[in-house]
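Descriptive analysis of the structure
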Amino acid sequence: MRLATYLLPRVLAALVTLLGVSVLVFLSLRLLPGGYADILLGPFVTPEARAVIAQRYGLDQPLVVQYLRWVWAMLGGDFGVSMVTQRPVIDELLRRAPVTLQLALIALVLALAVGYPLGVLSGVRAASRRKRRDFGRVIGAMGASVPDFVLGSVLIFVFSVWSLWFRVGGYVPLGVDPVGNLRTMLLPGLTLSVFGVALILRTTRDAVLRVMTEPHITAAVARGASPGAIIRRHILRNAAIPVVTVVATYFGFLLGGAVIVEVLFSVPGVGLYIFNGLLNRDYAIVQAGVLLAAMVFITINMLADVLYALIDPRVGVSR
Amino acid sequence: MPAVNSPSLSVLALLAGLGLALPAQAENVITWGKPAEITGFDVHVAGTVASWEMYQMVYETLLTNDDDLSLQPGLAESWEEESPTRFVFTLREGAAFSNGRAVDAQDVIGSIERIRNPEVASYWAHQLGEIESMEALDDRRVAIELAQPHATFLPALAHITAAIIPVQEYQAGEFDPTSEMLGSGPFMVEAHDQDERWTLVRNPHYGRAGYPRADRMNVAIIPDESARMAALRDGRIDFTTFENPDAPQMLGATANVEHHPIQTTNYYRLDVNALSEDSPFHDRRVRQAMNLALDREAINMLVFNGTSAVDYPVPAAFGKDACRDLDTYALSREERLERARALLEEAEQPAPQVELMASSANQVLVRIAEVAQQSLAEAGFDVQIAAVPTAEYLQRVFTDGDFDFSASWLAGYTDPSMVIQWWNPKFAVWNLAFQEEVPELSDALAAIRATPDSPERDEALSEICAMIDQGANLLALVSKIDYVVYRSDQVEVTLADRTGSANTWQYIAEFAPVE
Amino acid sequence: MSGLARIARRGRPRPNGLTIFGVVTLGCLLFLGVFGPWLPLGDPSRIAAGPRLDAPSAQFLFGTDELGRNFLPRVVQGIRSTFLLSAVAVAITAVIGTLLGMAAGYLGRHTDQIVARGADILFAFPALVAGLLVAAIMGPGQASAITVISIATLPLFIRVVRSVTLGVAGRGFVTAAEVAGASTLRVMLVHLLPNVMGAVIVQLTYALSIGMIIESGLSFLGLGVQPPNASLGSLLRQGSAYLTIAPWMVLSSGVVLSLAIMSVNLVGDAVRDALEPLKGRPLT
């Protein structure tokens, strides 16, 4: 029953965190200057019209009542209705979630495909040749330093002037036109992946370096085992553990935090939906979106914790 | 969502389902790159151009405007002004909603009643004036009786916010105007993915035979200008608009991209807060000094690369020469600056600290603010710019009156005596929070409403303009031009040279793909 | 993303080419940022200093923008705003975060629970949405940029300081002080603080680079410093509208911003190695 005793406090803590996030997002939205009435009516808003709209969406109730109603409705699966379209927010979020998921997966796969092998290579080189000034550090430093909106802007410039094969904007669902979909999704995915490459490269490199200096590797080298065999048998497996944790955290971040890239490339995902909801003061969208993102983030981090504890029991309980 | 219920389309669908070959040119498709998503579905409520542009595809109004901005038939094929307070409209034979039901007199009455219903919160009730009674003379004729003469009644009916909705379906609960669209316009909505795309298909019951020429219009929502340009370049969209005057230059080298600047009666403006005692602009002399110190020509040259023009309270697009010889426009810059400094001296505020607000969503407005800031500094003003989110800007200016001055643009509508009515805040209502009511000006404005276009009216316009300039409460800056850009190898377009009321796509029914 | 950013920059450098590059770049940028207003570069806000959208030339090294402003002094002003705002924000956050982290780690139980949950909530809230909300509530400008950076980097300090404090709190000299009757505050400030300072300084550099990313991101979305003042992010926003005919705006501000963040990261790596030599660090 070790897993249960390990999990229970974490689940409770996660629930408290979610509750805090819900209060925070609810209150901060109400503190925003300007409301949906302004967006809908523009300069023509009058106090009477404001009152009508407030009443229509229950915004004239005391804050506590509004909050409890929202939470109560959510427990029943009702996440509210968009004021712009009158459609249930959860339907729209579920329609957009796959888009954000796809974007996150593209970024993750690219980051792993480039970052992990380079990290292993860089780590092995660094440990064996005592060379510190290697490409791993250079790539790691660069990747972690170029903000996504800088890289995104430059990519948009390059690919909208010479349209080549990629497209900027004009999202097509994967199921409708897989090639067209990739043409629009690869650039934003690439933009998001650069940070991940640096992240995974440096984590892998560190882990490999650490494993390489452990006695059993030194012993294996002394035994005259081939470098390939050492890497396969000892290094890759041991170095994978920290990488798993980092990958999970990165994935959680991608699912909840790709707002700028989605806005920049007009990718109709969850981030863009929340962003527009915020501009329109469409409260239900932002509330549900932020809560969902927080939920995903917490869950993935918790899974990573569990995974980490399972793989390496030493770390488990103390942390 | 209105379903595709045209018999001919169903037959086509059936044929397609049976695997029978369709004629190659079965579908005429055009694609519009729309810069912004609607802010609500309710045609009688939303007060934003982004919404109006979509409503104009689906709904119709009783009247519309021609290229000279005079009224012309819309859903009503004719109208009679039986007295200054009584109008009779005759609906066009064959006008029908996209569900096939003919538009009748009850739809007109019900639509106007809905606009007037406070529960609906439509801002247009006020523009229509006080309506005494409405009466259906027969299925196709409606008589509307006003409580008192209201010069802008007819122009207000030509605005999309006065759209005629299917009232029978609305009352039966079959049609919800707050979440769907169903009108008698050229297109109807087939599908909508918010912030992403719309699919419009032709309204098979549209009143004009053979129109719209396109069977289907795809609408891509692309807020980012660079992305919209990329879409034009690779031919994903056929036509769009830009607010940035440099857009044509940026697209310059692309083959088959045509530019069509549309002159509008709209202009960029400054709202100045005359009512707040916290603002230095509470003192009229400070407002006048600011008005004189503004360098409108610099705004034109720097923000619009010289493609716009200095504009006046009576918009230049109407071709009137009112306001031209006012000091604000006629004096040289040096003379104006001198006058401005003298006025500030007189007001004992040689260096007023003021905040210039603009919506950060519109880069053009922010640039205008930056140029204004520099030109005002020369007269001694210390201007801080506040580029804030749209919702905040709207609330602070139009509800709270908590600002010094702000940059935006003004819809000049379609008649010079209509647009200057904005200077009577009791009539305009939207500027009550910051516009000072000047009784003589209000009287003059009331008088001109009943005056037909004539040399006398032009003279009255000049007098009014001088009063407006004196108040320096709502300032015209430069004309707002709609830069329409389209792919001439992909789409045939019909565009007006001038529009009022943001009706850029007035002739959308005539758009068709190039064969 | 703060925790991630920290890990992303992990490495085991010694003073080498890259570190030297980082120090030199950071030095140059700091020099420009601090002394920029007194350098003979031109007025960053002067409209119509040259033609509109003029390509880089001897007169205008970075070209001009859409209002004819000299872009070079604007970039220098951008460096100043971006660095300055982030530095102020991170300094404030470091003080608050250190106090909270020490309190959580030393006082334990309830304080710890409250602080840890608070940090979790801030961490789980999508960072950019939180930034947009705060900036919109406070109104765009320097104060809101500082607040947003603080909120985003606070959990970083709390977590690190708390874990270091936990390790130190049970040691002999702390217990001795307690037995001798030292007040809680005294124990924290005199005995614990010196021990967590190293970790705090290391976090400072990471937080600074995160702060710069956040500040420029907010400005990129139009919620940062107010025009005509420039930050590197607002210059990018300005330039992105003119990417096709005036790419020098995005390229110059983008390159400078990336260099600035990179130099802070590289210096951060060097500082960490100097302060925490050979120390095995937990990975998360």
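Residues numbered from 1 in each chain as written. Chains lettered and ligands numbered in written order. Predicted model: local features only at pLDDT ≥ 70, side-chain atom pairs only at ≥ 80, totals over all residues. Heavy atoms only, no water.

**Examining the interface of chain C and chain A**
Facing 52 residues of chain C, the contacting portion of chain A comprises 59 residues. When chain C packs against chain A, the two sides together hide about 4,900 Å² of surface, and 75% of this comes from carbon and sulfur. The interface formed by chain C and chain A contains one salt bridge. Taking the shortest distance from any N to any O, the salt bridge between Arg202 of chain A and Asp269 of chain C comes out at 3.1 Å. Counting across the interface, chain C meets chain A through three residue pairs in polar contact (both at pLDDT 80 or more). Counting only elements with at least two residues in the side of chain C that touches chain A, the list comes to α1 (2-8), α2 (17-35), α4 (109-124), α5 (127-138), α8 (184-220), α9 (232-240) and α10 (248-275) of chain C. At ten residues, the largest contribution of residues to the side of chain C that touches chain A is made by α10 of chain C. A per-class count over the side of chain C that touches chain A returns 32 nonpolar, twelve polar and eight charged. (Contact = heavy atoms within 4.5 Å. Buried area = accessible area lost by both parts, 1.4 Å probe. Salt bridge = Lys/Arg side-chain N within 4 Å of Asp/Glu carboxyl O. Polar contact = N/O pair within 3.5 Å; in protein donor to acceptor, adjacent residues only side chain to side chain. Helix = DSSP H or I, 4+ residues; strand = E, 2+ residues; numbered from the N terminus. Nonpolar A, V, L, I, M, F, W, Y, C, P; charged D, E, K, R; others polar.)

**Considerations on the state of the cysteines**
Residue and element names in this part refer to chain B. On inspection of all chains with the given rule, the structure shows one disulfide over all chains. A disulfide bridge connects Cys323 with Cys465, and the sulfur atoms are separated by 1.7 Å. On the sign convention where negative means left-handed, the S-S torsion of about 90° between Cys323 and Cys465 marks this disulfide as right-handed. You can see Cys323 sitting in the loop between α10 (296-303) and α11 (327-330) and its partner Cys465 sitting in helix α18 (residues 455-471), a full 142 residues away along the chain. You can call Cys465 buried: its relative accessible area is 0%. (Disulfide = S-S within 2.5 Å. Buried < 20%, exposed > 50% of the residue type's maximum accessible area, 1.4 Å probe, protein only.)

**What about the domain arrangement of chain B?**
All names here are of chain B. For chain B, the assigned domains read domain 1 (3-37 + 185-238 + 490-513), domain 2 (63-171) and domain 3 (264-480). Its C-alpha centre places domain 1 at a distance of 39 Å from the equivalent point of domain 3. Every contact between the two is made by four residues of domain 1 and, on the other side, six residues of domain 3. Buried area between domain 1 and domain 3, both sides added, is near 430 Å², and the carbon and sulfur share of it is 48%. Viewed at the interface, domain 3 and domain 1 are joined by two residue pairs in polar contact (both at pLDDT 80 or more). (Domains from an automatic or database assignment.)

**Structural notes on the packing of aromatic side chains**
The geometry of an aromatic ring pair comes down to the distance between the two centres and the angle between the two planes. As enumerated under the stated definition, the model contains 31 aromatic pairs over all chains in all. With a centroid separation of 6.1 Å and an interplanar angle of 15°, the aromatic rings of Phe26 of chain A and Trp70 of chain A are classed as stacked. Separated by 44 residues along the polypeptide, Phe26 of chain A in helix α1 (residues 2-31) and Trp70 of chain A in helix α4 (residues 63-75) bring together distant segments of the chain. Of the residues examined, Trp70 of chain A reaches a relative accessible area of 8% and is grouped as buried. One residue, Arg208 of chain B, lies across the ring of Tyr211 of chain B, its end atom 3.9 Å from the ring centre. The side chain of Arg159 of chain C reaches across the aromatic face of Phe123 of chain C, ending 4.4 Å from its centre. (Phe/Tyr/Trp six-rings, centres within 6.5 Å; stacked < 30°, edge-to-face > 60°. Lys NZ or Arg CZ within 6 Å of the ring centre and 35° of its normal.)

**A closer look at the environment of Pro352 of chain B**
Residues and elements named next belong to chain B. With respect to the helices and strands, the residue Pro352 is situated in the loop between α12 (333-346) and β13 (353-359). Residues Pro352 and Ser279, 73 residues apart in the sequence, show an inter-C-alpha distance of 9.2 Å. Those residues in contact with Pro352, other than ones at most four positions away along the chain, are Pro280, Val286, Leu344, Gly380, Phe381 and Asp382.

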